[in-house]
Amino acid sequence: MTLEEAFMQIADKHPWTAMWLRLRHIIVAVPGRAWEARSSDDRCPDDVLALGCKGTSSRGRLSWVGWDFDVGHGGRSYPTTAAAILDAQRLRRRLAGQAEIRLSKSGVGVHVRYLLPDHRYSEASGPRIAKALASDLHLQADSSPLGRQAFWLWSRERKPDAFKLVVAAL
């Protein structure tokens, strides 16, 4: 099975992923290692633990931007999930409600994803947009994940609240 086929199966089972799935810059995790795949045609490892991607379209244009609010770990973490959600909601308000808030694959951290209204931005714009808004709103977002702009969308071993929807985009 290819990575693209794996993602299609995931989207069938977890329809929310289809909105964020991009077949460029796919990230793969297996025991002890994570990497960015060269192509969506690459074979999906039998021991895959997690799959995700960046918000870049197949044409290299930016489709979505994400923010990672770590809880209890990372360079600038929040003390609780509730505190992270409060800041995620402030960010969502700044984005006119057009952002989805979900818990991370751990079920503790918080992710915000914003689907851009148009695809005029280059891939390199993602980290700049994410970091600028985080700075402007004084969010406790670690700049390293903001720079990577890579987010997990599926995990084989799901924690109790993994990927739980907090607030849907308008």
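Everything numeric here is computed off the predicted structure, so don't read it as measured data.

The helix and strand tally for the protein stands at five helices and eight strands. Start at the N end of the protein and walk to the C end: the helices and strands fall as α-α-β-β-β-β-α-β-β-α-α-β-β. Relative to its length of 170 residues, the protein is compact, with a C-alpha radius of gyration of 15 Å against a globular reference of 15 Å. Its C-alpha atoms give the protein principal-axis dimensions of roughly 40 × 35 × 30 Å. Each of the 170 residues in the protein was classed as buried or not, and the buried ones make up 49%. Taking the intrachain contacts of the protein between residues at least 6 apart in sequence as the baseline, contacts between residues at least 24 apart amount to 68%. Total accessible area on the protein is roughly 8,500 Å²; 51% of this is exposed by carbon and sulfur atoms.

Counted at 1.5 Å a residue, the expected span for helix α4 (residues 125–136) with its twelve residues is 16 Å, and the 16 Å between its end C-alpha atoms agrees. Buried residues of α4: S125, G126, P127, A130, L133 and A134, and no others. The secondary structure elements touched by the buried residues of α4 are β4 (64–69), α3 (81–94) and α5 (143–148).

Counting 25 residues, the largest nonpolar core has W67, F69, L91, L95, V110, V112 and L139 as its most contacted members. Broken down by secondary-structure element, the contributors of at least two residues to this core are β4, α3, β5 (99–103), β6 (110–115) and α4. Ranked by residues supplied to this core, first place goes to α3 with four residues. Sequence-distant contacts of V112, defined by excluding residues within four places in its chain, comprise V65, G66, W67, F69, A88, L91, A99, E100 and I101. Membership of the second largest hydrophobic core comes to 20 residues, among which are I10, W20, L21 and C53.

Time to look at the sheet that holds β5. Reading across from one edge, β4-β6-β5-β8 is the order of the four strands in this open sheet, with antiparallel pairing throughout. Bordering the open sheet on either side are β4 and β8 (165–167), each of which pairs with just one other strand. This sheet shows a mean twist of 25° between the axes of neighbouring strands, independent of strand direction.

What follows covers the pairing of β5. Counting buried residues in β5 gives five out of five residues, a clear majority hidden from the surface. Along β5, one buried face is formed by A99, I101 and L103 and the opposite face, lined by E100 and R102, is buried too. Inspection of the sheet shows β5 paired to β6 by five bridges, in the antiparallel sense. Bridging across to β6, R102 finds its partner in H111. Linkage of β5 to β6, two consecutive antiparallel strands, is achieved through a turn of six residues, within which G107 is found at a positive phi near 80°.

We now examine helix α1 (residues 3–13). L3, A6, F7, I10 and A11 are the residues of α1 that are buried. The buried residues of α1 occupy an angular sector of 140° when projected down its axis, which confines them to one face. As for α1, its buried residues are in contact with α2 (17–20), β1 (26–30), β3 (50–54) and β7 (150–155).

Further remarks concern the packing of aromatic side chains. Summed over the entire model, instances satisfying the criterion amount to four aromatic pairs. Consider the rings of W16 and F163, whose centres lie 5.6 Å apart with planes at 35°: the pair is tilted. Placement of W16 in the loop between α1 and α2 and of F163 in the loop between β7 and β8 is noted, with a sequence separation of 147 residues between them. Residue class for W16 comes out buried when judged on its relative accessible area of 16%.

Moving on, we come to the environment of Q89. In this structure, Q89 sits in helix α3. Considering only alpha carbons, one finds Q89 and V112, 23 residues apart in sequence, at a separation of 8.9 Å. Those residues in contact with Q89, other than ones at most four positions away along the chain, are I101 and V167.

Definitions and cut-offs
- Residues numbered from 1 in each chain as written.
- Predicted model: local features only at pLDDT ≥ 70, side-chain atom pairs only at ≥ 80, totals over all residues.
- Heavy atoms only, no water.
- Helix = DSSP H or I, 4+ residues; strand = E, 2+ residues; numbered from the N terminus.
- Rg over C-alpha atoms; globule rule 2.2 N^0.38 Å.
- Buried < 20%, exposed > 50% of the residue type's maximum accessible area, 1.4 Å probe, protein only.
- Contact = heavy atoms within 4.5 Å.
- Areas by Shrake-Rupley, 256 points an atom, 1.4 Å probe, with all protein chains shown as cover.
- Expected span 1.5 Å × (residues − 1).
- Core = buried A, V, L, I, M, F, W, Y, C linked by side-chain atoms within 4.5 Å.
- Pairing = 2+ DSSP bridges.
- Axes fitted to C-alpha atoms, helices over the stretch in contact; angles between N-to-C directions.
- Arc of directions from axis to C-beta.
- Phe/Tyr/Trp six-rings, centres within 6.5 Å; stacked < 30°, edge-to-face > 60°.

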